[in-house]
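Structural overview
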Amino acid sequence: MGFINPIDSILKSTVMKKTIHINVSGQLFHVDEDAFEKLSGYLKSLELSLQQQEGGQEIYSDLEARVAELFQEKLSSKSQIVSIEMVDAVIEQIGTPEEMLGASTEEAQQAPQESTQVISRRLFRDGEDKMIGGVAAGIAAYFQIDPTVVRVLAAILILSGVGFGFYLLLWIVIPEAKTPAERLKMKGEPVNLKNLQDQASQELNEIKSRVHGWMKKEPQNAFERIVAFLVQIFQFILKTLSKVVRWILISFLIFFLFTLTIVLIGLFFTGIQVGSVHLIPSEIAGILGNSLPEGFDAFSFWAIGFLLVLAPIYWVISISIRMIFNLPKTNPVLKKLNTTIGILSAIGWVLAFVLGVQLAMEFRTTDTVAQSVSLPKVNQYTIVNESFQSLKSGFEIEDEEDGIDWFISNKRWYQNQVEVDVNDSPDSTAFVKVIRISKGKDSEKAHELASEIQYSIRVDSTGKITLPSHFSFPFSQPFRAQHVRIRIFLPKSTEIIQQIDDQCTFPTIDRREVANIKHLY
Amino acid sequence: MNEENFRSQMKKGILELCVLKIVQVQECYASNISERLKKADLLVVEGTLYPLLTRMKNAGWIQYRWEESKSGPPRKYYQITEEGISILQKLEKEWDSLTQSIQSLNQPS
């Protein structure tokens, strides 16, 4: 299968009293049996040695035509049967492959010794010695061990379930050794003319025995003919089935890769865990979905993510397999797969770019909602942090170094980006300005999001200002860099004390603004 | 290194030039060309010629047309192309200068 057999394609032979009908370049000749052997061997060796060359097929058909022409010339006068002498004469006139191509005999003599040192053994599937896909036989040839050993190991691995996917992968990825040159590389023998011819004559013998066997088994009666016909049908069905199965397996593999990638992405996000607190995937998906620009939903986000990681994952897997087994790059199935994955990842990049631009637009404008709270007239003010520790349950992101602490509670999103600064009051009154800030694609949207931020401070008559450590907004709303700024305006000659408890260090005060600040521990 | 091999290498080196010269004069088919080359003792086996013709055809130096033959398969008749003519001129010039160079070695320096 696949291997080009000139004997198969051009010499359909039947025995007629020791002469054989053969077809050379479209012409029919009667050939003696010994002449047939010599001629077919010669044509085969020509084809094999030309296979390596550019335009080899064309050169071969020219030569074949010339052989036919020479026979025609020699036959016209004398007998109608091609004898071995004629074949010899033709070979002498046209020349053997060595004479034709290896004219630089010196090179040809030296080359084999050199090339034996740099044989590169390559992994191929052995299509001529296969049980399923020829993978085991190919591996056996690669490691120079008995195929049976590999088969037993493979059977154990496949049956235990581990090796099943791996076998399929190898089957798809490893090319079949189709040409004699590839078969030699598979066996780790140097690819030179002599070996190619040995390989050819070996194959020729196989073909001959096949031909003879076939002739012996030529169906004699109706029953045998029916059996032969059924066998043919069965073979056809098997062949078709194996093709179908292969494609099913390929699709299965692609699906498997797809699922694996999804799971990996999922793990990446769900794997974030702080202490005993797990991330809740549905919540994060909801928030992500809400935060995306219009026209994108959470699914499209995952889809784009998948498309982006598909190519690298595929690339890593295929490169590693190729490197382990020294595989050639050309494989028709792989080529198709490469193209498909290339196109998919290109689509991914385009979509990611569009998404990025759209997302950037969503952060274009900033708007604020400010609110003033007046303070009682006292000499000393105290800032107290109100912790939300008790609210925490479920999803949380915490980064001690950056002081980030975000969490979800009661379908609200809590964030601790609260800045506090203390300033001199323009007059003798003391007051606090609560500024809620958000970004949005236009100022209207930004304003709406800012006003949705919840942050309530409490002030009592003794001058105690209670500042919550977090602000919150419903998690049905998108992230648009919401944050809160607290500006405390105090008349000169008043003092402010910040009480810091160990549970919560937020909000902190920008100390550059005022000198008269004390910390109470 | 043997003398026989060296001679065949030299002949092989100028085979393209010779083929171009033959097809420049008149359109020929492969065995015409090989006959003439053999007569001139430039070719040992016919087979050498065929890969050469295909290479030259692929390079655009020569082209062919099919012609039916009374005895045997249709034949390819080769003719030189414009490009082949200019290549031939260059090759001939090179050949002349080579013979001159070798001649010049006869004189003491």
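Our subject is the structure listed above.
Read on for an overview of the structure.

Cut-offs and rules
The written sequence of each chain sets the order in which its residues are numbered from 1. Working convention: letters from A go to chains and numbers from 1 go to ligands, in the order in which they are written. Since the coordinates come from a predicted model, pLDDT governs what is reported: local features require at least 70, and pairs of side-chain atoms require 80 or more to be given and counted, while whole-chain, interface and lining totals use all residues. With hydrogens and water excluded, all non-hydrogen atoms of the structure serve as input to the side-chain values. By definition, any uninterrupted DSSP run of H or I lasting at least four residues is a helix, any uninterrupted run of E lasting at least two residues is a strand, and each is numbered from the N terminus. To estimate how far a helix should extend, the number of its residues minus one is multiplied by 1.5 Å. Per-residue accessibility, obtained with a 1.4 Å probe over protein chains only, is compared with the maximum for each type, and a residue is labelled buried under 20%, exposed over 50%, and partly exposed between these values. Read the arc as the range of directions from the helix axis to the C-beta atoms. By the convention used here, residues are in contact when the closest approach between their heavy atoms is within 4.5 Å. Pairs of N or O atoms within 3.5 Å make up the polar contacts considered here, provided that, within protein, one atom can donate a hydrogen while the other can accept it, and that residues adjacent in sequence are counted only when both atoms are side-chain atoms. Axis definition: a line fit to C-alpha positions, over the contact stretch in the case of helices; interaxial angles, taken between N-to-C directions, run 0 to 180 degrees. Under this scheme an angle from 65 to 115 degrees is roughly perpendicular, one under 35 degrees roughly parallel, and one over 145 degrees roughly antiparallel; angles in between are oblique. Put simply, a crossing is left-handed when the front helix is turned counterclockwise from the back one by less than a right angle, and right-handed when it is turned clockwise. Under this grouping Gly is polar, as are all residues other than the nonpolar Ala, Val, Leu, Ile, Met, Phe, Trp, Tyr, Cys and Pro and the charged Asp, Glu, Lys and Arg. A pair of strands counts as paired when DSSP detects no fewer than two bridges linking them. The nonpolar core is taken to be a set of buried Ala, Val, Leu, Ile, Met, Phe, Trp, Tyr and Cys residues, with the residues joined through side-chain atoms within 4.5 Å. In the sections that follow, a salt bridge refers to a side-chain nitrogen of Lys or Arg positioned within 4 Å of a carboxyl oxygen of Asp or Glu.

1. A short note on helix α8 (residues 147–159) of chain A
Residue and element names in this part refer to chain A.
- With 13 residues, α8 should reach 18 Å at 1.5 Å per residue; the first-to-last C-alpha distance of 18 Å fits that figure.
- Taken as a whole, α8 has its buried residues at V150, R151 and A154. Seen along its axis, α8 keeps its buried residues to an arc of 100°; they face one direction. Exposed and facing more than 90 degrees away from the buried side of α8 are L153 and L159.
- Contact partners of the buried residues in α8: α7 (135–143).
- Measuring from the side-chain oxygen of the N-cap residue of α8 to the backbone nitrogen of T148 gives 2.9 Å; that N-cap residue is D146.

2. Here we look at the packing of helix α2 (residues 15–25) of chain B against helix α3 (residues 30–39) of chain B
Residue and element names in this part refer to chain B.
- Relative to each other, α2 and α3 sit at 120°, their axes nearing to 10 Å. Between α2 and α3, the angle falls in the class oblique. Judged by the sense of rotation from one axis to the other, the crossing of α2 with α3 is right-handed. The residues of α3 that touch α2, namely those facing L15, C18, V19, I22 and V23, are I33, R36 and L37.
- Of the residues assigned to the contact of α2 with α3, the class counts are seven nonpolar, no polar and one charged.

3. Overview of the pairing of strand β2 (residues 19–24) of chain A
Residues and elements named next belong to chain A.
- The element β2 is largely enclosed, with a buried count of five among its six residues.
- As paired elements, β2 and strand β3 (residues 27–32) share six bridges and run antiparallel to each other. Within the sheet, the bridge partner assigned to N23 lies in β3 and is L28.

4. Structural notes on the packing of α3(B) against helix α4 (residues 49–59) of chain B
All names here are of chain B.
- Relative to each other, α3 and α4 sit at 120°, their axes nearing to 11 Å. In this view, α3 runs oblique relative to α4, as classed from their interaxial angle. Classified by chirality, the crossing of α4 by α3 is right-handed. Residues A30, S31, I33, S34 and L37 of α3 form the contact with α4, whose own contacting residues are L49, Y50 and L53.

5. Quick notes on the nonpolar core
- Counting 50 residues, the largest nonpolar core has F29(A), V67(A), F71(A), I33(B), L37(B) and L49(B) as the members making the most contacts within it.
- For this core, the leading source of residues is helix α3 (residues 56–77) of chain A, giving eight residues.
- Counting residues in hydrophobic clusters, the runner-up holds 24 residues, among them L375(A), Y381(A), F473(A) and I488(A).

6. Section: the pattern of salt bridges
- Tallying each qualifying case throughout the model produces 16 salt bridges over all chains.
- Across the pair R487(A) and D421(A) runs a salt bridge, and its minimum N-O distance is 3.4 Å. You can see R487(A) sitting in strand β17 (residues 483–490) and its partner D421(A) sitting in strand β12 (residues 418–424), a full 66 residues away along the chain.
- Here E448(A) and K445(A) are joined by a salt bridge, their closest N and O atoms 3.8 Å apart. On the criterion of helical spacing, the pair formed by E448(A) and K445(A) is a turn pair, its members being three residues apart in helix α16 (residues 443–452).
- Residue class for K445(A) comes out partly exposed when judged on its relative accessible area of 29%.
- Where salt bridges share partners, they join E58(A), D62(A), K57(B) and K76(B) into one cluster.

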